[in-house]
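Letter by letter, the chains look like this.
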Amino acid sequence: MSAPFFKFGAFGDEASLVVAFAIGIGFGFFLERAGFGSARKLTDQFYFKDLSVLKVMFTAIVTAMLGVFYLSWMGLMDLSLVYFGPTWLVPQIAGGLLLGIGFVVGGYCPGTSMVALATGKVDALFFVLGVTAGIFAYGEAWPAIQGFANATNLGELTLPQVFGLRYGLVVFLVVVMALGAFKGAEVLERKMARKEGAV
Amino acid sequence: MAILHETARLDPRTAADGKTVARREAAPYMNPYLAGVGLGLVLLAAFVVMGRGLGASGAFSSLVAWLVDLAAPAHARANSFYTDYLESGAGHPLKDWLVFEVLGVLVGGFLSGLLAGRVRRTVEKGPRISTRGRLTLAFAGGALMGVGAKLARGCTSGQALSGGALLSAGSWAFMLMVFAGGYATAWFLRRQWQ
């Protein structure tokens, strides 16, 4: 059987919702295991005290990236059937900045706030209400902002296309970059721990 | 003393305020690289089984669109932002892939927390901010993130993790900006956390 299974008709829409629930359980489980149900653990990333956000995120990206790359290289998976979102460069840069600010102000991101809510964090409940209010405000403002939101649509753009490099080479470079970032993160954490100890 | 030691080892700052020390012994968190591999395999499973990545903010959008449609159907139907979500579910706006995935996230997070002794009603904050201040900022940060996630067509899950693993240019630009925005803001918000 070829992957992605759903796209090859292995199961229907109703069953896909069961799959969604099961995958969600795995997602939530590992987020909580990593400590991402705690806003202080998450925001420590931005004070250089605990760089778990970077470590977990890049390990997850590298794991899934290598999996997808090797499965399609071995002919077991048709990567062209996997949903690939288009690039809207300027709105995505603006949205990323807002998200980063919101992360430090609010303490969570939408996914981690659900895990925090599930483990009893009252602040996560207020965060979730805030996300809902923000999306409602965005929806109400949609007629006015859709021009900006739909600007600079560059289509399905990949990093290999941007840099004019082969897919496999970019995969390799991302792995090297991630390993470098992990090494840097470990060094930085030790340095900060020494500084804290000295104060 | 064993409880105090375990808590102190887990989070020395929580122990310092004196009030939260006497809680049930919580297990330490998983090694971040191991948790990352676990998360990556879940994401890979989504790609392999479904042909799509993970998400979170999209489920909130479905919820908002459904609520607006309940309260003011004509208003909702006249707005393409809402109709996109109203028409995406399998017959009902909430019968949507991401809505079910996020329900799973709640259950998975609860299970992991329960097994580790980490389910406890609390407000996460540093010692230098009031509870009311923290809850206000949590709401404000959430609202900023709601707007940001919609502009970017996804949040940390849908863009950074899923798009990042597929080497999407927009996702990587987004991810760099999330870190930039966070680090640029951290100094101003230090009293909330440190």
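Residues numbered from 1 in each chain as written. Chains lettered and ligands numbered in written order. Predicted model: local features only at pLDDT ≥ 70, side-chain atom pairs only at ≥ 80, totals over all residues.

Colleague: Can you lay out the overall build of chain A for me, pointing to particular residues and giving the numbers?
Modeller: Counting its regular elements, chain A contains eight helices and two strands. If you list the helices and strands of chain A from N to C, you get α-α-α-β-α-α-α-β-α-α. When the backbone C-alpha atoms are referred to their principal axes, chain A occupies close to 60 × 45 × 35 Å. Across the 199 residues in chain A, those meeting the buried criterion constitute 51%. Expressed as a percentage of contacts within chain A between residues at least 6 apart in sequence, the contacts between residues at least 24 apart total 63%. (Helix = DSSP H or I, 4+ residues; strand = E, 2+ residues; numbered from the N terminus. Buried ≥ 20, exposed ≤ 12 C-beta atoms within 10 Å, placed from the backbone. Contact = placed C-beta atoms within 7 Å.)

Colleague: I'd like a description of helix α3 (residues 52-73) of chain A, backed by residues and values.
Modeller: Along its 22 residues, α3 of chain A runs 31 Å from first to last C-alpha, staying within 8% of the 32 Å computed at 1.5 Å per residue. In the segment just after α3 of chain A, G75 of chain A is the residue with positive phi, at about 80°. (Expected span 1.5 Å × (residues − 1).)

Colleague: Can you break down the environment of V128 of chain A residue by residue, with the values?
Modeller: Looking at the element boundaries, V128 of chain A is found in helix α6 (residues 122-149). Residues V128 of chain A and D50 of chain A, spaced 78 residues apart in sequence, show a C-alpha to C-alpha distance of 24 Å. Excluding residues that lie within four positions of it along the chain, V128 of chain A makes contacts with S113 and L117 of chain A together with G142 of chain B.

Colleague: Describe the confidence of the model for chain B, listing the residues and the values that go with them.
Modeller: All names here are of chain B. The predicted model of chain B averages 90 in pLDDT, with 88% of residues at 70 or higher. Every residue in residues 1-10 scores below 50 in pLDDT, and together they form 12 contacts with partners more than four places removed in sequence or on other chains. Within the model, pLDDT remains below 50 along residues 15-19, and this stretch shows six contacts once partners closer than five positions in the same chain are excluded. For this predicted complex, the interface confidence score (ipTM) comes to 0.97, while the overall pTM stands at 0.92. (pLDDT = per-residue confidence, 0-100.)

Colleague: Give me the lowdown on the nonpolar core, citing residues and values where you can.
Modeller: Of all hydrophobic cores here, the largest spans 118 residues; its most connected members are I61, A64, M65, V68 and L99 of chain A together with L43 of chain B. Considering every element that reaches this core, the biggest residue donor is α3 of chain A, with 11 residues. (Core = buried A, V, L, I, M, F, W, Y, C linked by C-beta atoms within 7 Å.)

Colleague: Got a sec to walk through the packing of α3 of chain A against helix α3 (residues 32-50) of chain B? Specific residues and values, please.
Modeller: Taken N-terminus to C-terminus, the directions of α3 of chain A and α3 of chain B make an angle of 40°; their axes are 7 Å apart at the nearest point. As far as their axial angle goes, α3 of chain B and α3 of chain A are oblique. The chirality of how α3 of chain A crosses α3 of chain B is right-handed. In this structure, α3 of chain A contributes S52, K55, V56, T59, A60, V62, T63, A64, G67, V68 and L71 of chain A to the contact, and α3 of chain B contributes P32, Y33, A35, G36, V37, L39, G40, L41, L43, L44, F47 and V48 of chain B. Grouping the amino acids of the contact of α3 of chain A with α3 of chain B by side-chain chemistry returns 16 nonpolar, six polar and one charged. (Axes fitted to C-alpha atoms, helices over the stretch in contact; angles between N-to-C directions. Parallel < 35°, antiparallel > 145°, perpendicular 65-115°, else oblique. Left-handed = near helix turned anticlockwise from the far one by under 90°. Nonpolar A, V, L, I, M, F, W, Y, C, P; charged D, E, K, R; others polar.)

Colleague: I'd like a rundown of the environment of D78 of chain A, residues and numbers included.
Modeller: Within the fold, D78 of chain A resides in the loop between α3 and β1 (87-88). Look at D78 of chain A and you get partly exposed, because 15 C-beta atoms sit within 10 Å.

Colleague: Please give an account of the interface of chain A and chain B that cites residues and values.
Modeller: Each side of the interface is counted separately: chain A has 107 residues, and chain B has 107 residues. Those elements that place two or more of their residues in the side of chain A that touches chain B are α1 (13-33), α2 (39-43), α3, β1, α4 (89-106), α5 (110-118), α6 and α7 (159-163) of chain A. By residue class, the composition of the side of chain A that touches chain B is 70 nonpolar, 29 polar and eight charged.

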